[in-house]
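Structure at a glance
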Amino acid sequence: MDNIEATRQASDEIDLKQLFTNMWAVRRSVIVAVVLVTLAYWGLWAVKQVLSPSPSTYSRVIQFTFKGVEQGKYPNGTPFRIADVVSPRVLSTAYEESGLAELNVPQAAFTQSFTIQSYAPDYDLIVKKYESAIGRKGITGEEITALQEKMKMELEQASVRSAVISFKPSKGVRLPENEIDKLLLDVPRLWAEKAIDSDGVAKLDIAIYSSKMFDQERFDSLDYMIALDLVRDNVDLIKQNIEELLTRPNGQVVVDEESGYRLTDLEKAIADVVTYDLQQLVTPIQDLGVTKDMEIVRLYYEYKIRDLQREKEHELSQAEVIRETLDRYNSTLSKGGSINGATSSATPQLDGEFLDRVIDLSQKGEELKYRQDLTNEILEHKKKASDIDFDIAKMKAVLKAVSDNGAQSDVKERYVATLEQRFPVILAKLKSYVEVTNRLYDKLSKESFGYSGVLYKTGGSDEMKVTGSLVGKRDVLIYALLFFLTFFGVMVVAMMVNWLKKPS
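Quick notes on the rules
Residues numbered from 1 in each chain as written. Predicted model: local features only at pLDDT ≥ 70, side-chain atom pairs only at ≥ 80, totals over all residues. Heavy atoms only, no water. Helix = DSSP H or I, 4+ residues; strand = E, 2+ residues; numbered from the N terminus. Buried < 20%, exposed > 50% of the residue type's maximum accessible area, 1.4 Å probe, protein only. Contact = heavy atoms within 4.5 Å. Areas by Shrake-Rupley, 256 points an atom, 1.4 Å probe, with all protein chains shown as cover. Core = buried A, V, L, I, M, F, W, Y, C linked by side-chain atoms within 4.5 Å. Patch = residues over 30% accessible without salt bridge, like charges linked within 9 Å, V, L, I, M, F, W, Y side chains within 5 Å. Salt bridge = Lys/Arg side-chain N within 4 Å of Asp/Glu carboxyl O. Expected span 1.5 Å × (residues − 1). Lys, Arg positive; Asp, Glu negative; His and termini not counted. Axes fitted to C-alpha atoms, helices over the stretch in contact; angles between N-to-C directions. Parallel < 35°, antiparallel > 145°, perpendicular 65-115°, else oblique. Left-handed = near helix turned anticlockwise from the far one by under 90°. Phe/Tyr/Trp six-rings, centres within 6.5 Å; stacked < 30°, edge-to-face > 60°. Lys NZ or Arg CZ within 6 Å of the ring centre and 35° of its normal.

With that settled, consider the overall build of the chain. Per the secondary structure count, the chain includes 15 helices and 5 strands. In the chain, buried positions account for 34% of the 504 residues. Counting contacts in the chain only where the partners sit at least 6 residues apart, residues at least 24 apart contribute 82% of the total. With an accessible surface of roughly 30,900 Å², the chain has 55% of that area assigned to carbon and sulfur atoms.

What follows deals with the nonpolar core. Grouped together as the largest cluster of nonpolar side chains are 51 residues, with contacts concentrated most on Phe 214, Phe 219, Val 231, Leu 263 and Phe 423. Broken down by secondary-structure element, the contributors of at least two residues to this core are helix H9 (224-246), helix H10 (263-288), helix H11 (294-334), helix H13 (367-404) and helix H14 (409-449). Once residues within four sequence positions are removed from consideration, Phe 423 is found in contact with Phe 219, Ala 227, Leu 228, Val 231, Leu 278, Leu 281 and Thr 418. Counting residues in each nonpolar core, the second largest holds 37 residues, with Phe 64, Phe 66, Ile 116 and Ile 180 among its members.

Moving on: a nonpolar patch on the surface. On the surface, a cluster of nonpolar side chains totalling about 290 Å² of accessible area is made up of Leu 16, Leu 19 and Phe 20. Turning to its location among the elements, Leu 19 is positioned in helix H1 (residues 2-25).

What follows concerns helix H7 (residues 177-198). Turn by turn, an α-helix covers 3.6 residues, leaving residues three or four places apart pointing in a common direction. Taking 1.5 Å of rise per residue, the 22 residues of H7 would be expected to cover 32 Å, and the 31 Å separating its terminal C-alpha atoms lies within 8% of that figure. In the core, the buried residues of H7 are packed alongside strand S1 (57-64), helix H3 (88-97), helix H4 (107-112), strand S2 (114-118), strand S3 (162-167) and strand S4 (456-459).

Moving on: the side chain of Glu 315. Residue placement: Glu 315 occurs in helix H11. One buried charged side chain, Glu 315, makes no salt bridge at all; its nearest oppositely charged neighbour is Lys 384, positioned 4.6 Å away. If sequence neighbours within four positions are ignored, Glu 315 has contacts with His 381, Lys 384, Ala 385 and Ile 388.

Next up on the list: H3. Turning to H3, its buried residues number three or more, namely Val 90, Leu 91, Thr 93, Ala 94 and Tyr 95. Of the surrounding secondary structure, the elements contacted by the buried residues of H3 are H4, S2 and H7. Just downstream of H3, Gly 99 is the residue with a positive phi angle, here 65 degrees.

As a further point, take the packing of H9 against H10. It is at 11 Å that the axes of H9 and H10 come closest, and there the two elements cross at 165 degrees. What the angle tells us is that H9 and H10 run roughly antiparallel. The chirality of how H9 crosses H10 is left-handed.

Backbone geometry follows two general trends: most residues other than glycine have a negative phi, and most peptide bonds adopt the trans configuration. You will see that Asn 104, though not glycine, has its phi angle at about 60 degrees, which is positive. Along the chain, Asn 104 falls in the loop between H3 and H4. Under the relative-accessibility criterion, Asn 104 is labelled exposed at 67%.

Applying the stated criterion to the full structure yields 24 salt bridges. Between Arg 323 and Glu 320 there is a salt bridge, and its shortest N-O distance comes to 2.3 Å. Pair noted here: Arg 323 and Glu 320 are both in helix H11, with a separation of 3 residues, about one helical turn. Residue classification places Arg 323 among the partly exposed positions, given a relative accessible area of 33%. The closest approach of N and O atoms between Lys 383 and Asp 387, which form a salt bridge, is 3.2 Å. Of this pair, Lys 383 and Asp 387 both sit in helix H13, 4 residues apart, which is roughly one turn of that helix. One salt-bridge network, held together by shared partners, links Glu 97, Lys 182, Asp 186, Arg 189 and Glu 193.

Residue placement: Met 395 occurs in helix H13. In contact with Met 395, not counting residues within four places along its chain, are Tyr 301, Lys 304, Ile 305 and Leu 308.

With that settled, the discussion passes to the packing of aromatic side chains. What the rule picks out here adds up to 20 aromatic pairs. With centroids separated by 5.7 Å and ring planes inclined at 20 degrees, the aromatic side chains of Phe 66 and Tyr 74 adopt a geometry described as stacked. With a centroid separation of 6.2 Å and an interplanar angle of 50 degrees, the aromatic rings of Tyr 479 and Phe 483 are classed as tilted. Taken together, the residues Tyr 479 and Phe 483, both in helix H15 (residues 473-501) and 4 residues apart, mark about one turn of the helix. On the basis of relative accessible area, Phe 483 is assigned to the partly exposed category, the value being 28%. Through a chain of ring-to-ring contacts, the aromatic side chains of Tyr 41, Tyr 479, Phe 483, Phe 484, Phe 487 and Phe 488 assemble into a single cluster. When the ring centre of Tyr 415 is taken as origin, the NZ or CZ atom of Arg 414, which lies over that ring, is 5.4 Å away.

Put into structure tokens, the structure is as follows:
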């Protein structure tokens, strides 16, 4: 048995030695084949690059500078996504402004050439800092886990403040490097402009009216009385803007450098215009019934009176429902019952918000406070109805003046001349006050958000970075596969040929 095992081991050694000898014998064939495949593959690759070179990737780093970017929000709290910078509307604007259509650059291919991704400029330093801490002697598993979580959080925070915008030309897009560099600078600029000017991301969330609401052309097309009504309605909207701004931080002290006005000064100035300047025009025009077209004015005020009467009836019906609720509550309470269901018979035609308010009042536990709240609600609705009555009475007086139309024509002409002379001055003054309101709004927005006037700045080097390996991963993988197939295939074939050539 020992002799048989020794013979087998010797046979295995001879066979293995013979295998290597046979492989060595065909080395030249293998080398020649590998060299030929290498030259052929990379030769064809080189020709392809000359005829259709692989595009490089051009990139620039930008840093987001606005407050809230770490939480994924713009300064005013609306959601921010890094993809906003290269959104279709931004790239479409860049395409149009650059005149690429004239250069026969397809817009779809141009849009597909842009990418953006988060970038942490201090990535290596942060990782090195934590690796050093984790590698110290005596550290526990819990401490390692805590440090790893902290490192992850710090890397995420570092990456959200910066981004890399890249441009890799798609098929059909061929541009000089200086034009690509300009595009990489224009795209974030256009994004910031649209976000600020169109979307208002750096503004307080208030509907601020512009000075266009007092444009002269708008009022020239209306009858005198209707135009004056419109001015007063628009003034009320501006006053609401001012009241809202006064509630914001620093609203009481913010100053417009151009005019020197504070919001309180502005509020008083507008009130003076209404009380004195405007009223001097309104009173004689309405008292005398001066109109451009009497029929239009009559129809206008008749409609407003009908509308106000409906509003008055609504206020009185609400007051009546609350009164019934209060009576029912008092009756139930006097009998020792519960206030639950006190509003069950409320009339269904009333709006849900009103009924919710009444039910909310009924659920208050303090009897005296509940009854007082209901009484106050009744008084409030009756007061509104009384105010509406006053407005209706004024409009009826205007209608009577228009119908009588008894003033002498020369008197009317004098007031019309005064109106046409002074009305544009009043509108111009109100426009200037609205512009002051808008400037104070902008200033409060910047102070509230810590906004410096820009959403980003270019980061890293002042020059565009150009990257892109001439040899792609796919090219290398294909060559590696060909290399191994050629190496082993030629070796096996050559060894078989040599074996066949040996004499039997």
